[in-house]
Amino acid sequence: MSRISSVLTTVVATTACVCASASPAAATGPVASRGVTIPAFYTPPAELPPGNGELIRHEPLRLGLSLPGLGGRRLPGTATRLMYTSTDSNGEPVAVTGAYIEPSARWKGAGPRPLAVVGSGTMGQGDQCAPSLALERPLTLTGRTVSFGYETLAVYRLLATGAAVVVTDYIGLGATDRLHTYVNRVDEGHAMLDAARAARSVPGASVTAASRVGMYGYSQGGGASAAAAELQRTYAPDVPLVGTYSGAPPADLTEVTKGIDGSALAGALGWSINGFAQAAPVLRDVVEANLNDAGRKALKDISTTCVGDAILGYGFTRSSKWTKSGKSVGEIIAGEPAAQAVLDDQRLGRLRPTGPVRVVTGVQDDIVPHAQARQLAVDWCEKGADVTYKAVRLPNLGDKLLTNHLVPLLTDQGDAVAWLADRLAGKAARSDCGTLPAQR
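These numbers come from a predicted model, not from an experiment.

Student: Hey, could you run me through the environment of Gly-326 in this one?
Tutor: The residue Gly-326 is located in the loop between helix H10 (307-314) and helix H11 (329-334) in this model. In this structure the C-alpha to C-alpha distance between Gly-326 and Asn-290, which are 36 residues apart in sequence, comes to 9.5 Å.

Encoded structure:
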């Protein structure tokens, strides 16, 4: 336990990876997750308006960290809680929650104020872990759940550039009608693109249909922003995407599963199994046929956890303890072609992204492995994309402890925000595709 506790104290950012249980029943009253009551706002209506990126409802959102500003406006801005429409990976309409922040800082560039869409890194699968709730409650610590809004720093740095920010909760995180479909590239990409659309309809928002849009994300968010860049051309051509930052992206879930299993964040494997079992019946059938009682109990419990809970409860667990055969979940899926096809379909790098992209990966990252993230940059270069690539070189800070994954998020964040701010200001990007073969 002391090893796990020491890891928890280092977690101000986290990872992405592989989650099984049925969708929650439709809410008929207040919903609680691990003792935290989820506001009624997060319960979707029975009928959704047609279209994608349509605003379903909104209300003022009090930022948990803010300061008085001039003219009665608080710093860093005025926040609005959102619920908007999107389409999931099965082509079904879905409600997604999030938050829009109108910055107090002036936009000094040409054209209308731009918009940065933030996809959070891993927060968990319980609705109490939703990024929009974390903006309101930076720390949730109840004895039954631990959640920390570590993306707030990046959000506020983006606001300081004068760009507006919209944060998506992704599909099923916050919204109480289903489980969060963790690292599902289509669900996450759609949620980010539709957040950009929904931001235009927020009362008092200064962004318009002509506002330049940038995608920002690290870890789970890096995969989500990458997916949005790949899907924009066919799903949301009306979103004027001018740049995408993809940090430590889980581009190949088969490889990422190997990094997660047995790590401090082994619980993330449960989130991924849960999410894909909900969306893909063929994978659900394989999982149900191979789990033992301990595995079923663990996945049910994991479905309501945040990052802190997962580390304390499941840190360094091997998935082989959850299966009847003693094989790892990865080994079982690899032996079932139909189930493996579900993960293969999540592979990023098969489509050319819209606009310039910046891919960053720590060479020592053993949670979201460096090699598969670098391969995403290579794949995009081969498709003619404009790729800025950076390998963060740091010493090994501890095997499977999250530190090798966490530290690049913090050390590169200033450069990441500056790079995206330049794209939002209309400045051209520099491609590293010519020198990428020499970078390892």
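There's more to say after this.
Student: Help me understand helix H5 (residues 220-235) in this model?
Tutor: Since the α-helix advances by 3.6 residues per turn, residues separated by three or four positions end up pointing in the same direction. Along its length, H5 reaches its greatest deviation from straightness, about 30°, at Ala-229. Counted residue by residue, H5 has 14 buried out of 16 residues, so it is predominantly covered.

Student: In this structure, what is going on with unusual backbone geometry? I would like to understand it.
Tutor: Trans peptide bonds make up most of the peptide bonds, and negative phi angles are found at most residues other than glycine. Here the bond from Leu-75 into Pro-76 is cis, since omega is 10°, no more than 30 degrees from zero. Looking at the secondary structure, you find Pro-76 in the loop between strand S3 (55-61) and strand S4 (77-87). Located in the positive-phi region is Ser-219, a residue other than glycine, with phi close to 65°. Along the polypeptide, Ser-219 turns up in the loop between strand S10 (213-218) and H5. With phi around 85°, Leu-402 is a residue other than glycine that occupies positive phi space. In this structure Leu-402 comes out as buried when scored by relative accessible area, which is 1%.

Student: In this structure, what is going on with the nonpolar core? I would like to understand it.
Tutor: Generally speaking, a soluble globular protein has its nonpolar side chains buried in company with each other. Tyr-100, Leu-115 and Val-117 are the most contacted members of the largest nonpolar core, which has 46 residues in total. Residues within four places of Leu-115 in sequence aside, it is in contact with Tyr-100, Ala-164, Val-165, Val-166, Ala-196, Ala-199, Val-207, Arg-212, Val-213, Gly-214 and Leu-424. Counting 36 residues, the second-largest nonpolar core is a separate cluster that includes Ala-277, Leu-283, Leu-291 and Val-307.

Student: It is not clear to me how the state of the cysteines should be interpreted in this structure. Could you clarify?
Tutor: Between two cysteines, a covalent bond joining their sulfur atoms is known as a disulfide. On inspection of all chains with the given rule, the structure shows two disulfides. Here Cys-129 pairs with Cys-306 through a disulfide, and the sulfurs are 2.1 Å apart. Here Cys-129 and Cys-306 share a disulfide; its torsion about the S-S bond, -100°, makes the bridge left-handed. You can see Cys-129 sitting in the loop between strand S6 (115-119) and helix H2 (131-136) and its partner Cys-306 sitting in the loop between helix H9 (293-302) and H10, a full 177 residues away along the chain. Taking relative accessible area as the criterion, Cys-129 reaches 0% and is therefore assigned buried. A relative accessible area of 0% places Cys-306 in the buried class. With a sulfur-sulfur separation of 2.0 Å, Cys-381 is cross-linked through a disulfide to Cys-433. Around the S-S axis, the bridge from Cys-381 to Cys-433 shows a dihedral of about -85° and counts as left-handed. Of this pair, Cys-381 sits in helix H13 (residues 370-382) while Cys-433 sits in the segment after helix H14 (403-424), and the two are 52 residues apart along the sequence. Given the relative accessible area of 22%, Cys-433 is considered partly exposed. What links to what in the protein chain: the bonded cysteines, counted in sequence order, pair as 1-2, 3-4.

What counts, and at which threshold
- Residues numbered from 1 in each chain as written.
- Predicted model: local features only at pLDDT ≥ 70, side-chain atom pairs only at ≥ 80, totals over all residues.
- Heavy atoms only, no water.
- Helix = DSSP H or I, 4+ residues; strand = E, 2+ residues; numbered from the N terminus.
- Bend = angle between axes of the 7 residues up to and from the residue.
- Buried < 20%, exposed > 50% of the residue type's maximum accessible area, 1.4 Å probe, protein only.
- Core = buried A, V, L, I, M, F, W, Y, C linked by side-chain atoms within 4.5 Å.
- Contact = heavy atoms within 4.5 Å.
- Disulfide = S-S within 2.5 Å.

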